[in-house]
Amino acid sequence: MASDYYNGYGGGPSGKRRRSLVMRLVDLALTLVTLAVGATMVLTYFVPYVDPGSVWFFPVLGLAAPAVYVASVVLTLYWIIRWRWVCAGAMLVVVVAGLFKVSLFWRPEIRRSYATETAFDRAAVKVMSYNVRSFYGEDGRSSVDDILRLIEEQAPDLICLQEFNARLAEQSEEFSLLGEKYEIAHFGRTQAPDSVYGSTLTILSKYRILRSDTVLTPSSSVWADVIVGEDTVRVFNNHLRSTAINASDNQFITSHQFLSDTARETKIRSIVTRLRENSVLRAAQVDSIAQVVGATRTRRIVCGDFNDTPMSYVYRTMARGLRDAFRECGSGYSHTFRGFYNTLRIDYVLSGGFEPLSYEVLPVDYSDHHPVVVRLRKSS
């Protein structure tokens, strides 16, 4: 028995050969994985620069970018431990190149604050952006009162709401009280007295609203000029084309049904097709919106549900020349959509002519999105 152990599995020559063979097979398998992950990671770096209509699978790569980057880091560490410097060096180049993109998704918490509320400059503008899902909670009931209480607690100066359902809002007594504190710019509301208003965009402001208008349809992009101190600030509220990924798709992905479902190929093809088609439509929307934002000569705040991640053509185009509050003062890994493993940051507050002071995603479940709350200070 002892002889068998030492000859087959222990420290003898036969055991060493076996372990050596196993490690060579592991290295071979991981070499192939490394080639695939490295190539995929390199492709993700081009995603923000290429119109989704040109390369159909780029939108999917953008969604997977954080996971692919983590895999790249793990593989780099493995090859360093194994002293395989060719593989380690190649992956290290890929990982270092990605460091410039990491802040889009994750920012280290340099210092921890134990105060319950940080003191901010009284001149700071507090902004909330929130997709309220037509004021319907997960149970199918109205979430108007919950959201209005949240607004009352947070007391933001500017509020950009997406998927605003005026019919439900106006059934709430608290909404009428909200109108005493905020000027409200509604967009795209039908005047028929007994109609159900469609989900549109709404801007609420404690500052005086001078004028407002639509960039695209009232449910896609609108703006309002408000007076903040002595300055006119143009506030853009956006809700770009949805991914069209529904609750059934989310269940299919998060429950790993794609690993066993016999109809998975058809389902996956349907999901990918919708992702591609709607990414092309969002790209066309953002091209139009970005032209208007870029032509604005006043200070500007750009809010909304972009329905795309920071590693996307949509984000890069919209954020050009603007400051992303999360990239400057967020902490940890930020997600704003309550689905797909809580991995997607698709709601943003961008600004021009302002310095971001704080960034917070409120952990409430009144919608399928979390509200984003940001404080901004005018910059010279």
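Bear in mind the structure is a predicted one, so any value in this text is a computation, not a measurement. (Residues numbered from 1 in each chain as written. Predicted model: local features only at pLDDT ≥ 70, side-chain atom pairs only at ≥ 80, totals over all residues. Heavy atoms only, no water.)

> Tell me about the overall build of the protein, and please be specific about residues and values.
Along the backbone of the protein there are 11 helices and 14 strands. Out of the 380 residues in the protein, the part that is buried amounts to 44%. Put simply, 69% of the contacts in the protein that link residues at least 6 apart link residues at least 24 apart. Carbon and sulfur atoms provide 57% of the accessible area of the protein, an area that totals close to 19500 Å². (Helix = DSSP H or I, 4+ residues; strand = E, 2+ residues; numbered from the N terminus. Buried < 20%, exposed > 50% of the residue type's maximum accessible area, 1.4 Å probe, protein only. Contact = heavy atoms within 4.5 Å. Areas by Shrake-Rupley, 256 points an atom, 1.4 Å probe, with all protein chains shown as cover.)

> Just give me the short version of empty space enclosed by the protein, but keep the residues and values in it.
Using the criterion set out here, one finds 2 cavities of 30 Å³ or more in the structure. By volume, the largest cavity amounts to about 80 Å³. Forming the boundary of the largest cavity are Val47, Val50, Pro52, Phe58, Pro59, Ser279, Asp308, Met311, Ser312 and Tyr313. When grouped by side-chain class, the residues that make up the lining of the largest cavity number 7 nonpolar, 2 polar and 1 charged. Of the volumes computed, that of the second largest cavity is approximately 30 Å³. Pro59, Leu63, Thr243, Leu275, Ser279, Arg282, Asn307 and Asp308 together form the lining of the second largest cavity. Looking at the lining of the second largest cavity, the elements that each hand over two or more residues are helix 3 (58-81) and helix 9 (264-295). The element contributing the most residues to the lining of the second largest cavity is helix 9, with 3 residues. (1 Å grid on protein atoms, 1.4 Å probe; cavity = no way out; pocket = protein on both sides within 12 Å on 5 of 7 lines; lining within 4 Å. Points joined across faces, edges and corners; volume = space filled by probe spheres on them. Nonpolar A, V, L, I, M, F, W, Y, C, P; charged D, E, K, R; others polar.)

> Talk me through the nonpolar core; I want residue IDs and the actual numbers.
Residues Val127, Leu158, Ile203, Val226 and Ile301 are the most contacted members of the largest nonpolar core, which totals 26 residues. It is strand 7 (residues 221-228) that provides the largest number of residues to this core, a total of 4 residues. Those residues in contact with Leu158 that sit more than four places away from it in its chain are Val125, Lys126, Val127, Met128, Leu204, Ser205, Tyr207, Val226, Val235 and Ile301. (Core = buried A, V, L, I, M, F, W, Y, C linked by side-chain atoms within 4.5 Å.)

> Explain helix 5 (residues 144-154) to me, using residue names and the numbers behind them.
Every buried residue belonging to helix 5 is among Val144, Ile147, Leu148, Leu150, Ile151 and Gln154, and all of these are buried. Down the axis of helix 5, the smallest arc covering the buried residues is 155°, so these residues share one side. Packing partners of the buried residues in helix 5 comprise strand 2 (125-131), strand 3 (158-164), helix 6 (166-169), helix 7 (173-178) and strand 14 (372-378). Positive phi shows up at Ala155, right after helix 5, with a value of about 50°. (Arc of directions from axis to C-beta.)

> Can you lay out the sheet that holds strand 8 (residues 231-239) for me, pointing to particular residues and giving the numbers?
Taking strand neighbours across the sheet as the criterion, the 6 strands line up as 6-7-8-9-12-10 in an open arrangement whose pairing is mixed. Strands at the two margins of the open sheet, each flanked by one partner only, are strand 6 (209-214) and strand 10 (323-324). Where strand 7 meets strand 8, 8 bridges bridge the pair, whose relative direction is antiparallel. Within the sheet, the bridge partner assigned to Val228 lies in strand 8 and is Asp231. (Pairing = 2+ DSSP bridges.)

> I'd like to hear about unusual backbone geometry, residue by residue, with values.
Of note, the phi angle at Ser134 is positive, near 60°, even though the residue is not glycine. With respect to the element layout, Ser134 can be found in the loop between strand 2 and helix 5. One non-glycine residue, Asn307, lies in positive phi territory at about 55°. Relative to the elements of secondary structure, Asn307 occurs in the loop between strand 9 (299-305) and helix 10 (313-319).

> Explain the sheet that holds strand 2 to me, using residue names and the numbers behind them.
Within a beta sheet, neighbouring strands are joined by backbone hydrogen bonds and run either parallel or antiparallel to one another. Read from one edge of the open sheet, 6 strands run 4-5-3-2-14-13, paired in mixed fashion. On the outer flanks of this sheet lie strand 4 (183-186) and strand 13 (354-361), each paired with one strand and no other. Each strand axis lies, on average, 20° off the axis of its neighbour in the sheet, ignoring direction. When strand 13 meets strand 14, the two strands line up antiparallel, connected through 7 bridges. Its bridge partner lying in strand 14, Pro356 is registered against Leu376. (Axes fitted to C-alpha atoms, helices over the stretch in contact; angles between N-to-C directions.)

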